[in-house]
Amino acid sequence: FTGNVSVGGTLTYEDVTNVDSIGIITARNDVVFDSPSGSGYDMKWTSSNGQLRINDSGKLVFGTSGDVSVYHDDTDFYLWNTKGDSYIQNTGDVYIRVNNTETAAKFIKDGAVELYHNNVNVFSTNAVGIFVKGTSGGESAITISADANEDNNDKFKLKVEDGGPFLIQNRAQGVWETNIECNGN
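Student: Could you clarify how one ought to interpret the sheet that holds strand 5 (residues 68-72) in this entry?
Tutor: Spatial strand order, 4-5-6: three strands in an open sheet with antiparallel pairing. Single-partner strands in this sheet number two, and they are strand 4 (59-62) and strand 6 (77-81). Put simply, the sheet's adjacent strands are angled 10° from each other on average, direction ignored. In terms of strand pairing, strand 5 meets strand 6 through five bridges, oriented antiparallel. If you follow Val70 over to strand 6, its bridge partner there is Leu79.

Student: How do you make sense of the environment of Phe77 when you look at a structure like this?
Tutor: The topology assignment puts Phe77 in strand 6. Among the residues examined, Phe77 registers a relative accessible area of 55% and is labelled exposed. Residues Phe77 and Ser57, spaced 20 residues apart in sequence, show a C-alpha to C-alpha distance of 9.5 Å. Those residues in contact with Phe77, other than ones at most four positions away along the chain, are Val70, Tyr71 and His72.

Calculation rules
Residues numbered from 1 in each chain as written. Predicted model: local features only at pLDDT ≥ 70, side-chain atom pairs only at ≥ 80, totals over all residues. Heavy atoms only, no water. Pairing = 2+ DSSP bridges. Helix = DSSP H or I, 4+ residues; strand = E, 2+ residues; numbered from the N terminus. Axes fitted to C-alpha atoms, helices over the stretch in contact; angles between N-to-C directions. Buried < 20%, exposed > 50% of the residue type's maximum accessible area, 1.4 Å probe, protein only. Contact = heavy atoms within 4.5 Å.

Remember that the coordinates give geometry; whether it matters functionally is a separate question.
This is the structure:
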């Protein structure tokens, strides 16, 4: 059969096995892209809320050679780039959050980089270096370890407690021992 076809009434999916279209297809309702292999990688465009849903483990793939993909496997979310560098660009600050609201890292436009532990800022950069801070009333420490942290002889700590003193410590005997203690005044 060749030529144009005019249908009066409704043409249903059951009436058609394949649709080849050149140009634009207009759909009044949701559109389902059903995987014919039964793999479950179906997609659905929901017109009522403007969402494109891809079933678990289905991928959005970018690039001529498919070198970038975005997917979810029912447990984890992946951004996968197999070629070149990856960039996250923004005109304002960038936040990385866990548990939906807990800040893990903050990258401030034209400013600091902040790292958080349990939603508390404990490390940040500034114009002259870094700032390490503990929680209010607590202590702050930088632990330095060589040799993949295997031996106690190569573990050292710079530590300041609430109200002082400043300590340089070692762990050669398996417990933290103070080598140098600096007090204010």
